[in-house]
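Descriptive structure summary
Spelled out, the chains give:
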Amino acid sequence: MAAYDAIIIGTGQAGPSLAGRLTKAGMKVAIAERGKFGGTCVNTGCIPTKAMVASAYAARMAQRASEYGVHLGGGVRVDLREVMARKALISGESNRGVESWLKGMANCTVYEGHARLEGPRAVSVGRERLTAERVFLNVGGRAWKPEMPGIDDVPYLNNSSMMKLDTLPRHLIIVGGSYIGLEFGQMFRRFGSEVTIVEMKSRLLPREDEDVSAAIREILEAEGIAVRLNAKCIRAATQGADIGVGVDCTDGAPEIAGSHLLLATGRRPNTDDLGLEKAGVATDARGYITVDDQLRTNVPGIWALGDCNGKGAFTHTSYNDFEIVAANLLDGDSRRVSDRITAYALYIDPPLGRAGMSDDEVRKSGRKVLAGKRPMTRVGRAVEKGETQGFMKVTVDAESKQILGAAILGTGGDEVIHTILDMMYARAPYTVMQRAMHIHPTVSEFIPTMMDKLKPLQ
Ligand SMILES: Cc1cc2nc3c(=O)[nH]c(=O)nc-3n(C[C@H](O)[C@H](O)[C@H](O)COP(=O)(O)OP(=O)(O)OC[C@H]3O[C@@H](n4cnc5c(N)ncnc54)[C@H](O)[C@@H]3O)c2cc1C
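Because the structure is a prediction, the values reported are computed rather than measured.

A closer look at the overall build of the protein
Across its full length, the protein carries 14 helices and 22 strands. Taken against the 2.2 N^0.38 rule, which gives 23 Å for 458 residues, the C-alpha radius of gyration of the protein at 24 Å falls within 12% of a compact globule. Counting only C-alpha atoms and orienting by the principal axes, one finds that the protein spans roughly 65 × 65 × 45 Å. For the protein, restricting intrachain contacts to residue pairs at least 6 apart in sequence, the fraction spanning at least 24 positions comes to 63%. If you sum the accessible surface of the protein, you get close to 20800 Å²; carbon and sulfur atoms cover 51% of it. Positive and negative side-chain charges in the protein, numbering 57 and 54 respectively, have mean positions lying 1 Å apart.

Section: helix α6 (residues 179-191)
Helix length check: α6, at 13 residues, gives a terminal C-alpha distance of 19 Å against a target of 18 Å (1.5 Å per residue), a fit within 8%. Summarising burial for α6: eleven of the 13 residues are buried, a large majority. Taken as a whole, α6 has its buried residues at Tyr179, Gly181, Leu182, Glu183, Phe184, Gly185, Gln186, Met187, Phe188, Arg190 and Phe191. Positive phi shows up at Gly192, right after α6, with a value of about 125 degrees.

What to know about the site of the ligand
In the region of the ligand, 39 residues are neighbours, and Gln13, Glu33, Thr40, Asp307 and Ser318 sit closest. Contact distances for the ligand include 3.2 Å between an oxygen atom and a backbone N or O atom of Cys41. Here an oxygen atom of the ligand and a backbone polar atom of Ala313 are 3.1 Å apart. In the complex, the protein chains occlude 94% of the 1000 Å² of accessible area that the ligand would expose alone. Elements represented by at least two residues in the shell around the ligand include exactly β2 (29-33), α2 (39-43), α3 (46-63) and α9 (315-330). Partitioning the shell around the ligand into residue classes produces twelve nonpolar, 21 polar and six charged.

Here we look at the pairing of strand β8 (residues 171-175)
With five of its five residues buried, β8 lies for the most part within the structure. Both faces of β8 are covered, namely the face carrying His171, Ile173 and Val175 and the face carrying Leu172 and Ile174. Here five bridges tie β8 to strand β9 (residues 194-198), and the two strands are oriented parallel to one another. The partner of Ile173 across the bridge, within β9, is Thr196. Note on the crossover from β8 through α6 to β9: the handedness is right-handed. Two strands pair when backbone bridges link them, and β8 and strand β14 (residues 260-263) are joined in this way by four bridges, in the parallel orientation.

What to know about a nonpolar patch on the surface
Together, Tyr68, Val70, Leu72 and Val76 make up an exposed nonpolar region whose accessible area comes to about 310 Å². Structurally, the position occupied by Val76 is in the loop between α3 and α4 (80-103).

Some remarks on the packing of aromatic side chains
Counted according to the given criterion, the structure contains six aromatic pairs. With a centroid separation of 5.3 Å and an interplanar angle of 80 degrees, the aromatic rings of Phe188 and Phe191 are classed as edge-to-face. Of the two residues, Phe188 and Phe191 are both situated in helix α6; the distance of three residues between them amounts to about one turn of the helix. Accessibility classification places Phe188 together with Phe191 in one group, the buried group. Each residue in the set Tyr179, Phe314 and Tyr344 is aromatic and connected to the rest through ring pairs, giving one cluster.

With respect to the environment of Glu221
Its location among the elements puts Glu221 in helix α7 (residues 210-222). Distance in space between the C-alpha atoms of Glu221 and Gly301 is 51 Å, their sequence separation being 80 residues.

A closer look at the sheet that holds strand β12 (residues 242-246)
Whether parallel or antiparallel, the strands of a sheet pair through hydrogen bonds between backbone atoms. Spatial ordering of the open sheet is given by β11-β12-β13, a layout of three strands whose pairing is antiparallel. The sheet is open, and its two edges are formed by β11 (235-239) and β13 (255-258), each paired on a single side. With direction set aside, neighbouring strand axes in the sheet form an average angle of 25 degrees. Examined bridge by bridge, β11 and β12 share five bridges and lie antiparallel to one another. Bridge pairing in β12 places Gln239 opposite Asp242.

Concerning unusual backbone geometry
Going from Asp349 to Pro350, the amide bond is cis rather than trans, its omega being 0 degrees. By the secondary structure assignment, Pro350 is in the loop between β17 (343-346) and β18 (352-356). In this chain, His440 is followed by Pro441 through a cis amide linkage whose omega measures -10 degrees. The residue Pro441 is located in the loop between α13 (430-434) and α14 (446-452) in this model. With a phi close to 75 degrees, Asn107 is a non-glycine residue in the positive phi region.

Rules and cut-offs
- Residues numbered from 1 in each chain as written.
- Predicted model: local features only at pLDDT ≥ 70, side-chain atom pairs only at ≥ 80, totals over all residues.
- Heavy atoms only, no water.
- Helix = DSSP H or I, 4+ residues; strand = E, 2+ residues; numbered from the N terminus.
- Rg over C-alpha atoms; globule rule 2.2 N^0.38 Å.
- Contact = heavy atoms within 4.5 Å.
- Areas by Shrake-Rupley, 256 points an atom, 1.4 Å probe, with all protein chains shown as cover.
- Lys, Arg positive; Asp, Glu negative; His and termini not counted.
- Charge placed at Lys NZ, Arg CZ, Asp CG, Glu CD.
- Expected span 1.5 Å × (residues − 1).
- Buried < 20%, exposed > 50% of the residue type's maximum accessible area, 1.4 Å probe, protein only.
- Near = heavy atom within 4 Å.
- Polar contact = N/O pair within 3.5 Å; in protein donor to acceptor, adjacent residues only side chain to side chain.
- Nonpolar A, V, L, I, M, F, W, Y, C, P; charged D, E, K, R; others polar.
- Pairing = 2+ DSSP bridges.
- Right-handed = clockwise from strand over helix to strand, strands pointing away.
- Patch = residues over 30% accessible without salt bridge, like charges linked within 9 Å, V, L, I, M, F, W, Y side chains within 5 Å.
- Salt bridge = Lys/Arg side-chain N within 4 Å of Asp/Glu carboxyl O.
- Phe/Tyr/Trp six-rings, centres within 6.5 Å; stacked < 30°, edge-to-face > 60°.
- Axes fitted to C-alpha atoms, helices over the stretch in contact; angles between N-to-C directions.

Written as structure tokens, this is what we have:
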């Protein structure tokens, strides 16, 4: 039995940094990892996909080169093995960085294996038994497989197995028209695959505003991606060497056949084999660990951070969870989850940057709201770059003048959104930004211009 001051399960986006803070505060820490160091973001999520998105962007720009007066000799050929090798190098460096950081950390013992709670203060990793007054769960999540007829009879891919592809799919069918499905869809189309995205709902990204969904659909279809919506009864079966997917859509063929099938249908938390019941840790109906505003579970001395608590599904929310726990535990600073403002990006090209409430949420809040919108065709920098798809929009509380939400779908949208996000954190009236002098020529310079012409939200 090894005794520690703290045990951390999982080395995702919260665990390693927390180990760093706790050991610096003089605690003896154990950290357990059953898979690859760095978790989803580093190995099968953000980092590898964004490396692949960069290859896809290079391919797209090469295909469009003549529009810019640049002529390449011969056609453009993408070598998927080389794309994957570049991706593996970038992601591997992060993975090794986390591993060597933890293994070299003074006062930190790394256990490699599946960890389970054996009680409120006890954890097992294989045959090892560990105890601590504090246990931090940072176990993340994995791809969720929906129950659909025939799915177990066909080979299918998820975000992890996509990372191992070494031949280009002839026709990639993606079930799921949300963030992960759209990113993979556009990149593989740009690599040269035929791509069909199948979505059960009536539009892509159903959580976004309708104008955002519609513009994204237009962007993807313009690149030759087939989008099948309202696919109510999705089923799968082998069709010779292909995979047949029944979609039952109102328009178009009721069945499509592809060489590869990617299920991008959501995530589930890694809490089903964690021994939560032995410690009495409560979860919701979907298995997410229930936590309060400071990420404490119902069992004193046990915290849950990152995707497994259902309070966020992003690297930055998991890292922010670490900051909240460290602030409360070590700094006497009562930071809370409810202090944070919704923010995320979708890394199709052009990217979507989002902050705060959607227009739909703003409408439901019942406030008096002003709104502004500007197409990227009227943003000089986008015109100069030849990347004019999308738009920017913002909503503002008519009384307090504070910004409520924004979406920037357009070139640089993932970066530019931070100018608005930081104003929201400052709780400053939008007029501060409206009067700010921004740099020309940038996408950001048009945010004050857009704010000059606010009108009541329709
Ligand atoms: C394809 C894809 C693209 C994404 N792109 C983005 C993006 O661009 N931006 C963004 O912000 N987010 C993105 N995400 C989401 C992001 O990856 C996650 O939100 C983030 O990694 C969550 O981190 P985490 O700390 O909760 O846990 P994870 O990173 O999932 O880490 C959990 C770790 O715990 C380990 N573990 C689990 N159970 C046990 C156990 N019982 N014992 C020992 N170890 C255990 C796991 O092996 C894993 O290493 C993407 C996700 C996917 C799938």
